[in-house]
Amino acid sequence: MTIFFFTASGNSLKVSKAFITSDCVSISSELRKSPGNYTDDKIGFVFPSYFYGIPRPVLKFIRRSDFNSSYFFTIITCGSTSGATSLQLQNELKKKGISLNYAVEITTINNYVPMFDINKEIYTQSKKNIESILPAAVHDIRASVNRIPSFGILAKFSHTIAQIMYNRMLDKCDKNL
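Residues numbered from 1 in each chain as written. Predicted model: local features only at pLDDT ≥ 70, side-chain atom pairs only at ≥ 80, totals over all residues. Heavy atoms only, no water.

A closer look at the environment of Leu89
Along the chain, Leu89 turns up in helix H4 (residues 85-94). Between the alpha carbons of Leu89 and Val58 there is a distance of 9.8 Å; along the sequence they are 31 residues apart. With residues up to four places along the chain from it excluded, the contact list for Leu89 reads Phe45, Phe47, Ile54, Ile62, Thr74 and Leu100. (Helix = DSSP H or I, 4+ residues; strand = E, 2+ residues; numbered from the N terminus. Contact = heavy atoms within 4.5 Å.)

Description of the packing of helix H3 (residues 56-64) against H4
One way to put it is that H3 packs onto H4 with a least axis distance of 10 Å and a crossing angle of 25°. Comparing the axis directions of H3 and H4 gives the class roughly parallel. H3 and H4 meet at a crossing whose hand is right-handed. Together, Leu59, Ile62 and Arg63 of H3 and Gln88, Leu89, Glu92 and Leu93 of H4 make up the contact between the two elements. For the contact of H3 with H4, the residue count by class is four nonpolar, one polar and two charged. (Axes fitted to C-alpha atoms, helices over the stretch in contact; angles between N-to-C directions. Parallel < 35°, antiparallel > 145°, perpendicular 65-115°, else oblique. Left-handed = near helix turned anticlockwise from the far one by under 90°. Nonpolar A, V, L, I, M, F, W, Y, C, P; charged D, E, K, R; others polar.)

What to know about the packing of aromatic side chains
Aromatic ring pairs are described here by two measures, namely the spacing of the ring centres and the angle between the planes. Scanning all chains against the criterion turns up eleven aromatic pairs. With 4.8 Å between their ring centres and 70° between their planes, Phe4 and Tyr38 make a pair best called edge-to-face. Placement of the pair is Phe4 in strand E1 (residues 2-5) and Tyr38 in strand E3 (residues 37-39), with a sequence separation of 34 residues. Neither Phe4 nor Tyr38 differs from the other in exposure class; each is buried. Pairing Tyr38 with Phe67 gives two aromatic rings, centres 5.7 Å apart and planes at 25°, and the pair type is stacked. Placement of the pair is Tyr38 in strand E3 and Phe67 in strand E5 (residues 66-68), with a sequence separation of 29 residues. For Tyr38, a relative accessible area of 15% puts it in the buried group. Accessibility expressed as a relative area gives 10% for Phe67, which makes it buried. Three or more aromatic residues link up through ring pairs in this structure, and these residues are Phe4, Tyr38, Phe45, Phe61 and Phe67. (Phe/Tyr/Trp six-rings, centres within 6.5 Å; stacked < 30°, edge-to-face > 60°. Buried < 20%, exposed > 50% of the residue type's maximum accessible area, 1.4 Å probe, protein only.)

Focus on the side chain of Ser49
Mapped onto the secondary structure, Ser49 falls in the loop between strand E4 (43-48) and H3. At a separation of 3.0 Å, a polar atom in the side chain of Ser49 contacts the side chain of Thr85. (Polar contact = N/O pair within 3.5 Å; in protein donor to acceptor, adjacent residues only side chain to side chain.)

Quick word on the sheet that holds E1
With parallel pairing, the five strands of this open sheet are ordered in space as E2-E1-E4-E6-E7. This sheet does not close on itself; its edge strands, each paired only once, are strand E2 (23-26) and strand E7 (102-107). This sheet shows a mean twist of 20° between the axes of neighbouring strands, independent of strand direction. As judged from the six bridges shared by strand E6 (residues 72-78) and E7, these two strands associate in the parallel manner. Bridge pairing in E7 places Ile75 opposite Val104. (Pairing = 2+ DSSP bridges.)

Brief notes about the pairing of E1
Residues Thr2 and Phe4 point to one face of E1 and Ile3 and Phe5 to the other, with burial holding for every one of them. Bridge count between E1 and E2: four bridges; the pairing is parallel. Bridging from a neighbouring strand, Thr2 pairs with Asp23 of E2. Examined bridge by bridge, E1 and E4 share four bridges and lie parallel to one another. Opposite Thr2, over in E4, you have Ile43 as the bridge partner.

Some thoughts on the nonpolar core
Counting residues in each nonpolar core, the largest one holds 21 residues, and the members touching the most others are Phe4, Phe45, Phe47, Phe61, Ile62, Phe67 and Leu89. Where this core is concerned, the elements lending two or more residues are E4, H3, E6 and H4. The element that contributes the greatest number of residues to this core is H3, accounting for four residues. The contact partners of Phe47, leaving out residues within four places of it in the chain, are Phe6, Ser12, Ile54, Pro55, Val58, Thr74, Ile75, Ile76, Thr77, Thr85 and Leu89. In this structure, Met1, Phe5, Ala137 and Ile141 belong to the second largest nonpolar core, which totals 16 residues. (Core = buried A, V, L, I, M, F, W, Y, C linked by side-chain atoms within 4.5 Å.)

Shape descriptors only; they carry no functional weight alone.
Below you can see the structure in the form of structure tokens.
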């Protein structure tokens, strides 16, 4: 099993390490190399939701890489909800002829500093679901369970609006992504 992870504050790295015996590969490190061709019995993507969507470095990595596996999964970390992020990933993988087998979101602390007080978020950490959801997700993935959430119109709409804002913001303030 190979897990490709992208992390900024450590939440997604913590989730990736829950698989203990798996090969955890940093997407940031892989982006510094030539595009790759990756093969394993199971391939996973663990990353945070940015504005209800996939962070640009993760999209770049997926679009430029080739993957070969019989089982693909994702675990998306988020502060409250990931919106329709796993649907976005499904669509990106589908363009490469890949079907996503399993998707789950795990709530961690809201760490978008302009909007959240990190000290308050750490205090409410016990109310998040990482400790209850993560072991079940690890078990499901090891057992090759197939489970993809469905999304209603509100989640799809929120995802679309948030991604428009995210892309406009990044296009103006971060030219190197």
